[in-house]
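So the chains spell out like this:
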Amino acid sequence: MDEVYDLIIIGGGPAGLTAGIYAMRAKLNTLCIEKENEGGKIAEAGIVENYPGFDNIRGFELAQKFVEHAKKFNLNIAHDTIKKIDTSDRPFKVIGENNTYTAKAIIIATGTKDKKLGLNEDDFVGRGVSYCTTCDAFFYLNKEVIVVGRGTPAVMSALNLKDIVKKVTVITDKKELRAAESIMMERLNDAENIEVITNAKPLKILGSDKAEGVLVSIDGEEKEIKADGIFISMGHIPNSEFLEGSGIELNKSGFVVVDKSCKTNIDGIFACGDIVGGVLQVSKAVGEGTVALASASKYLNKL
């Protein structure tokens, strides 16, 4: 018979690892399953300045600290891509590409992924098109780049790039570019090498062997904007496709619906972090990881 875990945490980002740390301290037989890199998407952030306790830390470093902390408590982290959750029976079955896992309770902490433009960008990923400024900025040292995006993600990308590249042109299809924090807009406006073009609808990525620019429509007029590299920062969409058919309630944007105790509509299944939407910040994810584990603990004690 396969091992039945007390708890399976799906996702090894800040929310999942926080739940994992608390789970190990509660002596629950726990498995955390992560499909990519432990530490989650925060590793791709440039400098993080709004996480309490660290006035200034690189995203990658903060992610590493979360992982090291979880491993200090011997959290078992497996690497697998979860395809579906079977909630039709108890204990629950978590079906991955490599294995099927069984658990009495589940915490979903799968976060989000980059939203695509939906144009021809897939033809150029790795050849001039990127979604990650911190991973790829240095390829464009002293070159000119374009950020195609909206809101806070586009502003963050431009700020991450400004000290590395010669010039950043931000293209947004909105009337104005806004960020969640005023300080970010101040920095953007103070940067001499950032230009913002509003009301510009991207039509296509230009280039043959590699991306050479973006064709946009500004007030119905087509215009080519050239650059050495293009960063797409359209925001994020939830990693929730694997929940289809599970009976777990999602909202119309695909985020998991939870109450303030991080409970889903299915008894014994909880969710936390970016996958539940709202403010996509590390501090929120960490707080919810704690709440989700407290709720899961209470549920397991009742069993």
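Whatever comes next refers back to the structure up there.
Residues numbered from 1 in each chain as written. Predicted model: local features only at pLDDT ≥ 70, side-chain atom pairs only at ≥ 80, totals over all residues. Heavy atoms only, no water.

J.: For this particular structure, what's the right way to read the sheet that holds strand 17 (residues 229-233)?
T.: Strand pairing within a sheet occurs via backbone hydrogen bonds; the two strands may be parallel or antiparallel. Within the open sheet, the five strands sit side by side as 10-17-11-12-13. Their pairing is parallel. The sheet is open, and its two borders are formed by strand 10 (129-130) and strand 13 (194-197), each paired with just one other strand. On the sheet, helix 4 (residues 151-161) packs against strand 11 (144-149), strand 12 (167-171), strand 13 and strand 17 and is oriented at approximately 165° with respect to strand 11. (Pairing = 2+ DSSP bridges. Helix = DSSP H or I, 4+ residues; strand = E, 2+ residues; numbered from the N terminus. Contact = heavy atoms within 4.5 Å. Axes fitted to C-alpha atoms, helices over the stretch in contact; angles between N-to-C directions.)

J.: Where do I start with the environment of Lys 27 in this structure?
T.: Here Lys 27 is to be found in the loop between helix 1 (14-25) and strand 2 (30-34). As for Lys 27 and Phe 73, which are separated by 46 residues in sequence, their C-alpha atoms are 10.0 Å apart.

J.: Before we go on, may I ask you to explain helix 2 (residues 59-72) in this structure?
T.: End to end, helix 2 covers 20 Å across 14 residues, agreeing with the expected 20 Å (1.5 Å per residue, within 8%). Along its buried surface, helix 2 packs onto helix 1, strand 3 (47-48), strand 4 (57-58) and helix 6 (282-302). Just downstream of helix 2, Asn 74 is the residue with a positive phi angle, here 60°. (Expected span 1.5 Å × (residues − 1).)

J.: Please explain the nonpolar core as it appears in this structure.
T.: A general tendency of soluble globular proteins is for nonpolar side chains to be buried together. In this structure, Leu 7 and Ile 107 are the most contacted members of the largest nonpolar core, which totals 36 residues. It is helix 6 that contributes the most residues to this core, eight residues altogether. Not counting chain neighbours up to four residues away, the residues in contact with Ile 107 comprise Leu 7, Ile 8, Ile 9, Ile 10, Ala 19, Phe 270, Cys 272, Ala 292, Leu 293 and Ala 296. Core analysis: the second largest hydrophobic core is formed by 23 residues, Ile 10, Tyr 101, Ile 269 and Ala 271 among them. (Core = buried A, V, L, I, M, F, W, Y, C linked by side-chain atoms within 4.5 Å. Buried < 20%, exposed > 50% of the residue type's maximum accessible area, 1.4 Å probe, protein only.)

J.: Help me understand the pattern of salt bridges in this model?
T.: Pairs can form between side chains of opposite charge whenever their charged atoms are close. Inspection of every chain in the model, using the stated rule, returns 15 salt bridges. With its nearest N and O atoms 3.0 Å apart, the salt bridge here joins Lys 71 to Glu 38. Placement of Lys 71 in helix 2 and of Glu 38 in the loop between strand 2 and strand 3 is noted, with a sequence separation of 33 residues between them. Lys 83 is paired through a salt bridge with Glu 97; the nearest N and O atoms lie 3.2 Å apart. Of this pair, Lys 83 sits in strand 6 (residues 82-86) while Glu 97 sits in the loop between strand 7 (92-96) and strand 8 (100-108), and the two are 14 residues apart along the sequence. Within the structure, one salt-bridge network assembled from shared partners comprises Lys 41, Glu 44 and Asp 114. (Salt bridge = Lys/Arg side-chain N within 4 Å of Asp/Glu carboxyl O.)

J.: Would you mind showing me how to read the state of the cysteines here?
T.: Throughout this description, disulfide means a covalent bond between two cysteine sulfur atoms. Enumeration according to the criterion identifies one disulfide in this entry. For Cys 132, the disulfide goes to Cys 135, at an S-S distance of 1.9 Å. An S-S torsion of about 75° defines the bridge between Cys 132 and Cys 135 as right-handed. No disulfide involves Cys 32; its nearest neighbouring cysteine sulfur is the one of Cys 272, lying 10 Å away. Owing to a relative accessible area of 0%, Cys 32 belongs among the buried residues under this scheme. Residue Cys 272 stays outside any disulfide, its sulfur separated by 5.8 Å from that of Cys 262, the closest cysteine. (Disulfide = S-S within 2.5 Å.)

Everything listed is a geometric property; what it means functionally is a separate question.
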